Amino acid sequence: NKILYYFWKTPLKFLILFVLWAILSSFFVTSISNAPKIIARVLRDYIVFVMPFCLIGIFFIPKYISFTKLKKILLNIILIVNIYGIFDYLIQVISPDLHLFLFKFFYSLPLEDRILNRAMSVFFEPTFFGAFLFCFLPLIYNNFLSHCKNIYNKKFLFAFLLLILSLINLLLTKSPIFLIFAIIYSLFHFRKFIFKTIFSLKKILFFSFFFTLFALVIILLINILGSEEQKVIARIIVTFKNVNSMSNLINADGSFATRIGLYIISILVFIKHPFVGYGYANTKEVMYNQICNSPIPLTDEIINSNNIHQGMTVANILLQTLCWTGIIGTILLYLFFIKSICTVNKILKYEKVNEEKLFIRDINLVAINYIIYSAYWSLITDTVMWFIFSILISYIVYKKKC
C-alpha cells in the first residue's frame, strides 16, 4: 500500500503509465507471438534495473542515509573515479600491458583497440567517462564555489582538487562532443559572473588574466601530451566546416557521421509509426530494412554493422522511445523526467538555505544534464541516471511526509 501510495502521489505515476503503455502497445503493431518477448524486455528493464532504484530512494533516503551524507559519498566517488581516470591514462601511455590486464579484469572482454591513449577510468569507453563528468559538472562547480570564501579550509582543497581533476579528465577523454557540451554548460553556469564582469574594469582585468592563464595551461597540456589532443581540436573545426553535407561529413569525421546517420535513420523509422511505435526494443528488423534502403549516404561502420548484426539499435534514448513506444510513450517517460525536476524545484522555493537544499538543487541540475544527455546516449537502463532521479523522488516523498 505504501509503495502504491508513493507511486501515485509522485511523478513516478508517469513512469508506471509509461511501463503499462509499453506493455499495451506491444499488441498494436506486432504479431501476438512477438508480444510476450516485448513484455519480457519491458519487465526486465524496469523491474530489474529501474524500480529498485526508485524503492531505494523512497525507503532508504534520507531515513538511513541523510542527503548531506549522500552528498559526501557522491563527491568522494566522483573523486575516486577521477583519480583512477588519471592513473588509467598514465598507464596507457607508460605501461599498455598493465592497462590491458586491468581492462580484462574489469570487463572480461576482448582486448582489441583498448590502448586508446584516452582517459576512460572505470568506464567501458572514454565517451562514457566524458558524459559522466559533463552530467556532474553542476555538483562539482557549486561544491567548489561554496567553499571559495575560505581557501585555507580542507573542504576547499578537496573541492579544488575535484574540480581540477574533472577538467583535466574531460580534456584527456578527447571526446569532442562532451568537450563542447562542457564548454557550453560552463559558460551558462557562470553567465552571471561573466555578465557582471563585462561592466567592471577590475573584473575585466582579472577575468582576462585568468582566461589567458587558463588558455596557456591548456595549450601547454596539449603540447606536453602530444599530437592526439591537437587532432581532437582539428577534428572539431573540420566537423563544423563539413556539417552541412553528409558526404563531406563522412570524409571529415566518420564517427560523428555515423551518429548523425543513425539519427536520420531513426527519425525515418519513427515517422512510419509515430503514435504507437514498433514495440519496446523491437526495431532491429525495421532498422535493418531502413538502412538497406537509406535515402542518405551512410558510413561503412553503419553498413557493415547492419549486415553483421542484421540490424542496429536506435540512436539515443529520445529516438529509441519514439521508435519503440511512439509519441504517447515518449510523452509519458519525459513527463516523469520533467515533472520530477519541476516538483523538486517548486519545493526548493519554500525551503530555507542549508546544505541539504543546495545538494538537492545541484542534483536537480545534474538531472537536467541527463535529459540533455538522453539525446545522445542510448542506454535506457543507465543506472547512474536512474539513481539521480531516485534521489529527486526520495526528496519529494520526504517532503510529502513532512
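Residues numbered from 1 in each chain as written. Predicted model: local features only at pLDDT ≥ 70, side-chain atom pairs only at ≥ 80, totals over all residues. Heavy atoms only, no water.

*Asks:* Would you mind going over a nonpolar patch on the surface with me for this structure?
*Replies:* A grouping of Ile-56, Phe-60, Tyr-64, Ile-65, Ile-73 and Ile-77 is seen on the molecular surface, where their side chains present a nonpolar patch of about 530 Å² in accessible area. Mapped onto the nonpolar patch, the elements with two or more residues apiece are α3 (35-60) and α4 (67-94). As for its position among the elements, Ile-77 is in helix α4. A residue is classified by how much of its surface remains accessible, and Ile-77, at 42% relative accessible area, is partly exposed. (Patch = residues over 30% accessible without salt bridge, like charges linked within 9 Å, V, L, I, M, F, W, Y side chains within 5 Å. Areas by Shrake-Rupley, 256 points an atom, 1.4 Å probe, with all protein chains shown as cover. Salt bridge = Lys/Arg side-chain N within 4 Å of Asp/Glu carboxyl O. Helix = DSSP H or I, 4+ residues; strand = E, 2+ residues; numbered from the N terminus. Buried < 20%, exposed > 50% of the residue type's maximum accessible area, 1.4 Å probe, protein only.)

*Asks:* How do you make sense of the packing of aromatic side chains when you look at a structure like this?
*Replies:* The description of an aromatic ring pair uses the distance of the two centres, along with the angle that the planes make with each other. What the rule picks out here adds up to 32 aromatic pairs. A ring pair is formed by Phe-53 and Phe-387, whose centres lie 6.4 Å apart and whose planes are at 70°; its orientation type is edge-to-face. Here the residue Phe-53 occupies a position in helix α3, and Phe-387 occupies one in helix α19 (residues 383-401), the gap between them amounting to 334 residues. Ring centres of Tyr-334 and Phe-337 lie 5.4 Å apart, and the angle between their planes is 85°; on these two criteria the pair is classed as edge-to-face. Pair noted here: Tyr-334 and Phe-337 are both in helix α17 (residues 317-348), with a separation of three residues, about one helical turn. Residues Tyr-334 and Phe-337 agree in their burial class; the two are buried. Here Arg-259 stacks its cationic end above the ring of Tyr-376, 3.8 Å away from the centre of that ring. (Phe/Tyr/Trp six-rings, centres within 6.5 Å; stacked < 30°, edge-to-face > 60°. Lys NZ or Arg CZ within 6 Å of the ring centre and 35° of its normal.)

*Asks:* I tried to follow helix α18 (residues 355-373) on my own but got confused; where do I start?
*Replies:* Three or four residues apart is the spacing at which side chains of an α-helix point the same way, because the helix has 3.6 residues per turn. Taking 1.5 Å of rise per residue, the 19 residues of α18 would be expected to cover 27 Å, and the 27 Å separating its terminal C-alpha atoms lies within 8% of that figure. Glu-356, Lys-357, Phe-359, Ile-360, Asp-362, Ile-363, Asn-364, Val-366, Ala-367, Asn-369, Tyr-370 and Tyr-373 are the residues of α18 that are buried. Looking at the buried residues of α18, the elements they touch are α4, α6 (126-135), α7 (137-146), α9 (176-189), α17 and α19. One side-chain oxygen of the residue at the start of α18 lies 3.2 Å from the amide nitrogen of Glu-356, identifying that residue as Asn-354. (Expected span 1.5 Å × (residues − 1). Contact = heavy atoms within 4.5 Å. Polar contact = N/O pair within 3.5 Å; in protein donor to acceptor, adjacent residues only side chain to side chain.)

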